[in-house]
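Close look at the chain arrangement
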Amino acid sequence: MKVALVCHSDQLGGAAIVTYRLMQALIEQGVEAHMLVYSKISDSSNVTLLDSRIQRSLRFVGERLRIFLANGFSRKKLFQVSLANTGYPIHKHSVVKEADVVMLNWINQGTASLSSIKALVASGKKVIWTMHDMWCMTGICHHAYGCQRYKEQCGECPFLGVPKERDLSRTVWHKKKSLYSAPNLHFVAVSNWLAERCGESSLMKECNLSVIPNAFPVDAFYTKPRLPREVLPVDFNRNLILMGAARLDDPVKGLDYAISALNYLFDNHPAVAKDAQAIFFGSLKNRAALDALRFPHLYLGRIHDAKLLTELYARGKVVLSTSLYETLPGTLIEGQASGCWPVTFGNGGQADIVDHLSTGYIAKYKDAQDIANGIMWALKQPDKGDELHAIVKERFAASQIAQRYISLINSLSPS
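Reading the values: rules and limits
Residues numbered from 1 in each chain as written. Predicted model: local features only at pLDDT ≥ 70, side-chain atom pairs only at ≥ 80, totals over all residues. Heavy atoms only, no water. Patch = residues over 30% accessible without salt bridge, like charges linked within 9 Å, V, L, I, M, F, W, Y side chains within 5 Å. Areas by Shrake-Rupley, 256 points an atom, 1.4 Å probe, with all protein chains shown as cover. Salt bridge = Lys/Arg side-chain N within 4 Å of Asp/Glu carboxyl O. Helix = DSSP H or I, 4+ residues; strand = E, 2+ residues; numbered from the N terminus. Buried < 20%, exposed > 50% of the residue type's maximum accessible area, 1.4 Å probe, protein only. Contact = heavy atoms within 4.5 Å. Polar contact = N/O pair within 3.5 Å; in protein donor to acceptor, adjacent residues only side chain to side chain. 1 Å grid on protein atoms, 1.4 Å probe; cavity = no way out; pocket = protein on both sides within 12 Å on 5 of 7 lines; lining within 4 Å. Points joined across faces, edges and corners; volume = space filled by probe spheres on them. Nonpolar A, V, L, I, M, F, W, Y, C, P; charged D, E, K, R; others polar.

What follows concerns a nonpolar patch on the surface. Where nonpolar side chains cluster on the molecular surface, the patch consists of V61, L65, L69 and F73 and spans about 410 Å² of accessible area. Tracing the backbone shows L65 in helix α2 (residues 53-70).

What follows deals with helix α9 (residues 306-315). In terms of burial, α9 is a largely internal element, 7 of the 10 residues being buried. Buried within α9 are the following residues: L309, T310, E311, L312, Y313, A314 and R315. Where the residues of α9 are buried, they touch β8 (239-247), β9 (276-283), β11 (318-321) and α10 (330-337). One side-chain oxygen at the N-terminal end of α9 lies 2.9 Å from the backbone nitrogen of K307; it belongs to D305.

Overall, the coordinates contain 3 cavities of 30 Å³ or more when judged by the stated rule. The space that makes up the largest cavity amounts to roughly 90 Å³. Together, 14 residues line the largest cavity, and C141, C147, R149, C154 and C157 are the ones closest to its centre. For the lining of the largest cavity, the class distribution of residues is 9 nonpolar, 4 polar and 1 charged. Considering only enclosed or pocket space, the second largest cavity measures out at about 60 Å³ in volume. In terms of lining, the second largest cavity is formed by N105, W106, I107, N108, W129, T130, M131, H132, D133, W135 and C136. Taken together, the residues that form the lining of the second largest cavity break down as 6 nonpolar, 4 polar and 1 charged.

These figures come from the coordinates and say nothing about function on their own.
Next comes the structure, spelled out in structure tokens:
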């Protein structure tokens, strides 16, 4: 069996990382898997760039320029929407032509166009589209936030300039609608929450859909520290509260709620603050984003060394996420696999990871004080690292996820 996985990158971003992991897991199961990407970071021979740098750049700029013209020349919301109007014609690529199955992932920002995907589906190949955000079910946005227009036909998009009923979001909605009726196109939601949103979507409520979570190399994470303390500049005599993201101050990550919760503990439970330290990792666009935090903390920046990251998780007590929307938050899974107790809001796929008051704490949405309550609860829990690791392995182990995809592929028939 030959499988082509199409994604914007092989290593840059959460969707890219989990797609690369899935490719590796499929290979280990005997599948001949190959990735096609807009941006290649790894040195894997199983990953191929879609086109030359100039051609890729022209497609990327062309799409962004069209959005820029439509949103009132605002850079603020420029990357919260995508059109898939200028991507590479993937149906013409040799890797796709030779594949028995094409697995689409995050295909935006110049990677693949809707017209090429329509041509691909029309060729009769089995096509599986794994959704890592809400883009497939909306006109153009990656996260709808509080907007409910995706339940109708979009239009009057809040991410564009002057609200118009027949705007770019409505135009792209119609393009997707004509594509999604193909019988050989099957969607995969990475969480039950995302699948529920699909059921509400005017685009996707009648689409073929399965729920398969992202693959994680669970055995790469361990619950007992293995490296010398000196490898990380943290106070290991304290309870470590970990929070990480590709970009910590991305508005969707809800960093202000984490700061408010930790400051509440500092002000009202000084003994807890004295014995704990919050550790933040990931990039910060605004380096002053943590200046308001009074709770003892340390910012480590981006951790590029996987060994250091797994060691940090192994030494942690709590893994924290205050994201406002998450399809399936990887840091919670990685932390839990390392014996950390997850504390999080529940507006997303967190319920697929955390059983409230059993394997973690799901706080009331946008309630910083309840996040503080969750941290207090987690800090009081006994060490159940091996038990938490076993639960994560049962749900998210890469080998099992690969087998689920193989079963799905075998169940599909080309048109």
